[in-house]
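Okay, here's what each chain looks like letter by letter:
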Number of protein chains: 2
Amino acid sequence: MSRGAAAGDAPGTPGTPDTPGTPAAPGEPGPGPEPARRRGRPARGSEQEGPGTRERILVSARTEFAERGYDKASVRGIARGAGVDAALVHHYFGTKEQVFTAAVESAFAPAYAVPHAFEAVGSEELGERIVDAFFQVWEDPRTRHQMLAVLRSAVNNERAAAVFRRLLAENLLYRAAAVLDVPDARLRVELVAAQLVGTALLRYVIRMEPVASEPLEELRTRLAPVVQRHLTG
Amino acid sequence: MSRGAAAGDAPGTPGTPDTPGTPAAPGEPGPGPEPARRRGRPARGSEQEGPGTRERILVSARTEFAERGYDKASVRGIARGAGVDAALVHHYFGTKEQVFTAAVESAFAPAYAVPHAFEAVGSEELGERIVDAFFQVWEDPRTRHQMLAVLRSAVNNERAAAVFRRLLAENLLYRAAAVLDVPDARLRVELVAAQLVGTALLRYVIRMEPVASEPLEELRTRLAPVVQRHLTG
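Per an unreviewed UniProt entry, chain A carries the name TetR/AcrR family transcriptional regulator and comes from Streptomyces boncukensis.

Caption draft 1: Local environment of the overall build of chain A. A count of helical and extended segments in chain A gives 12 helices and zero strands. The N-to-C order of helical and strand elements in chain A reads α-α-α-α-α-α-α-α-α-α-α-α. Split into buried and exposed, the 233 residues of chain A put 56% on the buried side. The long-range fraction of contacts in chain A, counting pairs at least 24 apart against all pairs at least 6 apart in sequence, stands at 72%. When the accessible surface of chain A is split by element, carbon and sulfur atoms take 53% of a total near 9,800 Å².

Caption draft 2: Fine view of helix 9 (residues 141-156) of chain A. All names here are of chain A. With 16 residues, helix 9 extends 22 Å between its outermost C-alpha atoms, agreeing within 8% with the 22 Å of an ideal straight helix rising 1.5 Å per residue. Across the 16 residues that make up helix 9, a large majority, 12, are buried. Where helix 9 is concerned, the buried positions are T143, H145, Q146, M147, L148, A149, V150, L151, R152, S153, A154 and V155.

Caption draft 3: How the structure looks around the interface of chain A and chain B. Taken residue by residue, the interface counts 45 residues in chain A and 45 residues in chain B. Carbon and sulfur atoms make up 66% of the area that chain A and chain B hide from each other, which totals about 4,000 Å². The interface formed by chain A and chain B contains six salt bridges. Here B:K72 makes a salt bridge to A:D71, at a shortest N to O gap of 3.8 Å. Applying the counting rule to chain A against chain B returns 16 residue pairs in polar contact (both at pLDDT 80 or more). For the side of chain A that touches chain B, the secondary structure elements donating two or more residues are helix 3 (53-72), helix 9, helix 10 (158-180), helix 11 (185-205) and helix 12 (216-232) of chain A. The element contributing the most residues to the side of chain A that touches chain B is helix 11 of chain A, with 14 residues. Tallied by class, the residues present in the side of chain A that touches chain B amount to 25 nonpolar, five polar and 15 charged.

Caption draft 4: Spotlight on unusual backbone geometry. Residue and element names in this part refer to chain A. The omega torsion across E209 and P210 is 10°, close enough to zero to call that bond cis. Its location among the elements puts P210 in the loop between helix 11 and helix 12. Positive phi, close to 55°, is recorded for R207, a residue that is not glycine.

Caption draft 5: How the structure looks around the pattern of salt bridges. Going through the model one piece at a time under the given rule, you end up with 24 salt bridges over all chains. The salt bridge involving B:R220 is made with B:E217; its shortest N-O contact spans 2.9 Å. Residue B:R220 and its partner B:E217 are located together in helix 12 (residues 216-232), separated by three residues, close to a single helical turn. Taken together, the salt bridges that share partners define one network made up of A:D184, A:R188, B:E218 and B:R222.

Caption draft 6: Molecular detail of the relation of the copies chain A and chain B. Mapping chain A onto chain B calls for a screw motion: a turn of 180° about the axis and a shift of 0.0 Å along it, with 0.0 Å RMSD after fitting. The transformation relating the two chain copies, once decomposed into turn and shift, fits a two-fold axis. Interface overlap between copies: 100% of the residues of chain A at the interface are likewise at the interface in chain B, consistent with a symmetric, same-surface contact.

Caption draft 7: Seen up close, the environment of B:N171. All names here are of chain B. Within the secondary structure, N171 sits in helix 10 (residues 158-180). On the basis of relative accessible area, N171 is assigned to the buried category, the value being 8%. In contact with N171, other than residues within four places in its own chain, are Y112 and P115.

Caption draft 8: A look at the UniProt feature "DNA-binding region" (unreviewed entry) in chain A. In this structure's numbering, the residues bearing the UniProt feature "DNA-binding region" (unreviewed entry) are residues 74-93 of chain A. The span residues 74-93 of chain A is 80% helix and 0% strand, and its two end C-alpha atoms sit 13 Å from each other.

Caption draft 9: Here's a closer look at the environment of A:S123. The topology assignment puts A:S123 in the loop between helix 7 (114-117) and helix 8 (126-139). For the pair A:S123 and A:Q228, spaced 105 residues apart in sequence, the C-alpha to C-alpha distance is 9.5 Å.

Caption draft 10: How the structure looks around helix 12 of chain A. Along its 17 residues, helix 12 of chain A runs 24 Å from first to last C-alpha, staying within 8% of the 24 Å computed at 1.5 Å per residue. The sharpest bend along helix 12 of chain A measures roughly 25° and falls at A:L223, with the proline A:P225 sitting one to four residues further on.

Caption draft 11: Main features of the packing of aromatic side chains. Residue and element names in this part refer to chain A. What the rule picks out here adds up to 14 aromatic pairs over all chains. When the ring of F134 is compared with that of W138, the centres are 6.3 Å apart and the planes differ by 40°; the resulting orientation is tilted. Of the two residues, F134 and W138 are both situated in helix 8; the distance of four residues between them amounts to about one turn of the helix. The burial state of F134 is the same as that of W138; both residues are buried.

Caption draft 12: Spotlight on the packing of helix 9 of chain A against helix 9 (residues 141-156) of chain B. As a packed pair, helix 9 of chain A and helix 9 of chain B sit with axes 9 Å apart at the nearest point and diverge in direction by 150°. Between helix 9 of chain A and helix 9 of chain B, the angle is such that the two are roughly antiparallel. Classified by chirality, the crossing of helix 9 of chain B by helix 9 of chain A is left-handed. Two secondary-structure elements touch here, helix 9 of chain A through A:R152, A:V155 and A:N156 and helix 9 of chain B through B:R152, B:V155 and B:N156. In terms of residue class, the contact of helix 9 of chain A with helix 9 of chain B is made up of two nonpolar, two polar and two charged.

Caption draft 13: Examining the confidence of the model for chain A more closely. In the predicted model, chain A carries a mean pLDDT of 78, and the fraction of residues at 70 or more is 79%. Low pLDDT, under 50, characterises residues 1-46 of chain A; the predicted model gives this stretch 63 contacts beyond four residues in sequence or across chains.

Caption draft 14: Spotlight on the packing of helix 3 (residues 53-72) of chain B against helix 4 (residues 75-82) of chain B. All names here are of chain B. Across the interface, helix 3 lies against helix 4 with an axial gap of 8 Å and an inter-helix angle of 125°. Looking at the two axes, helix 3 sits oblique to helix 4. When you trace helix 3 past helix 4, the crossing you get is right-handed. Each of R56, I57, S60, A61, E64 and F65 in helix 3 lies in contact with helix 4, whose residues at this interface are G77, I78, G81 and A82. Within the contact of helix 3 with helix 4, the residues separate by chemical class into five nonpolar, three polar and two charged.

Criteria and cut-off values
- All residue numbers here refer to positions counted from 1 along the written sequence of the relevant chain.
- Labels follow written order: the first chain is A, the first ligand is 1, and so on.
- Per-residue local features of the predicted model are confined to residues with pLDDT of at least 70, and side-chain atom pairs are confined, for both listing and counting, to 80 or more; whole-chain, interface and lining totals are unaffected and use all residues.
- Side-chain measures were taken over the full set of non-hydrogen atoms in the model, leaving aside hydrogen atoms and water.
- Numbering goes from the N terminus for both helices and strands, where a helix is a DSSP run of H or I of at least four residues and a strand is a run of E of at least two.
- Exposure is judged per residue with a 1.4 Å probe applied to protein chains only, and the accessible area is read against the type maximum: over 50% gives exposed, under 20% gives buried, and values in between give partly exposed.
- A contact between two residues is defined here by any heavy atoms of the two lying within 4.5 Å.
- The protein chains shown are the only cover counted for residues, whose accessible areas, like all others here, come from Shrake-Rupley with a 1.4 Å probe.
- Helices are assigned an expected span. That span is 1.5 Å times one less than the residue count.
- Buried area: the accessible area, evaluated with a 1.4 Å probe, that two parts lose upon being put together, summed over both parts.
- A pairing counts as a salt bridge when a side-chain nitrogen of Lys or Arg comes within 4 Å of a carboxyl oxygen of Asp or Glu.
- Side-chain atoms alone can form a polar contact between residues adjacent in sequence; in general such a contact is a pair of N or O atoms within 3.5 Å, and within protein one must be able to donate a hydrogen while the other accepts it.
- All residues other than Ala, Val, Leu, Ile, Met, Phe, Trp, Tyr, Cys, Pro, Asp, Glu, Lys and Arg, Gly among them, are scored as polar; the first ten of these are nonpolar and the last four charged.
- Copies overlap after least-squares fitting; the atoms used are the C-alpha atoms of residues with pLDDT of at least 70 in both.
- UniProt positions are given in the numbering used here, feature names are shortened, and annotations may be inferred rather than shown by experiment.
- By definition, a residue's bend is the angle between the axes fitted to the seven residues ending there and the seven starting there.
- Aromatic rings from Phe, Tyr and Trp, taking only the six-membered ring of Trp, are treated as a pair when their centres fall within 6.5 Å; an angle between ring planes under 30 degrees marks them as stacked, one over 60 as edge-to-face, and anything in between as tilted.
- Axis definition: a line fitted to C-alpha atoms, over the contacting stretch in the case of helices. Angles run 0 to 180 degrees between N-to-C directions.
- Orientation is classified from the angle alone, with under 35 degrees giving roughly parallel, over 145 giving roughly antiparallel, 65 to 115 giving roughly perpendicular, and any other angle giving oblique.
- Two helices cross in a left-handed way if the nearer one is turned anticlockwise from the farther one by less than a right angle. They cross in a right-handed way if the turn is clockwise.
- pLDDT gives the predictor's per-residue confidence on a scale running from 0 to 100.

Following this line, the structure appears as structure tokens:
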């Protein structure tokens, strides 16, 4: 994953539809939907701010976290990638941890479709729908890049892991478990998550053969019944 | 994981039994079982070398890779942790990548028991035996620490991922698949690995609840039939 290739996403996706709708996690001090303008140090150039600025900073943050990891990522580097002052990044998001939280939230946005898959509860299609939602996120290079940024940081940094844990639980796993409505639903959902996260790790990160090159249809056929079994078996 | 706590393992395990028996991977230029003495810069103190030196360096390397990640880990840091000259580390192992390879090989040593679990092929105990072998490695703090070092580095660095991929395949997955003796055995074994690596990630790294605190017996009961199904279903 080269910085050039990843940064190439930026111009095409300044108004990416998943970002404005990103729900703020409960108790999170993050920015509101309408950040106050120019509270910090004034920006040098007027083109620094605008409707796409927040999104541009998030795109740069994901690239920075994906490629440098949480520890080495810096607000200065994120600002440079977005073509703005570091002060503007602080103004919009706050600390590095808060930028990371916002980046994780927006990275998770495509995964919010997963709990909808749980509408198939009680049917034999549940496993299949969840596996489909999972691969929709991971097979798309743009959303895969975001998920990798999050996963890499969470594996290597305790604070990043805490952010990942909270957002994954609140926005995805516990919501899905609530729909499932059995006493051990959270454990069942987490063992599904383990199967899928592990598959993502071997297919997209470690690139172990044959799973890395296996046709999607074959993986779907094998994973769906296992997911179904975890949830309702 | 503090450096202090991890380094605390070192004095107690200089002659750790898994290291001398570590098989060299085919085609690997790594050190032979009897490294030539004093080819590089001579060591300063005579207590630098000795029967436990190679093992002491490996223990320090695992700690260094676990805590700093592959990119930030240095031969100098590994040498410092082992109380030897950096030249001696180069003398025994070569480059940083070669030290990493040796550290991964020794970290995998306890996992070599897993293919033995495949002797239960054809019986309904196969899933249970594999899950037991997996948790034996991950529930022991010392071997867990080693596996975490490998996993963290592989997730964040392409060269470390290549070492991990090769050793995991050659020493564990492909050997297990060979025993299974069906055409799609490697894919089956890798989907088992995905379930188990994902479980390790959520339980020991991200520490997602409830899976992080779940009694082992409950996890065994849930995972064994899924593993069995992947392999023989």
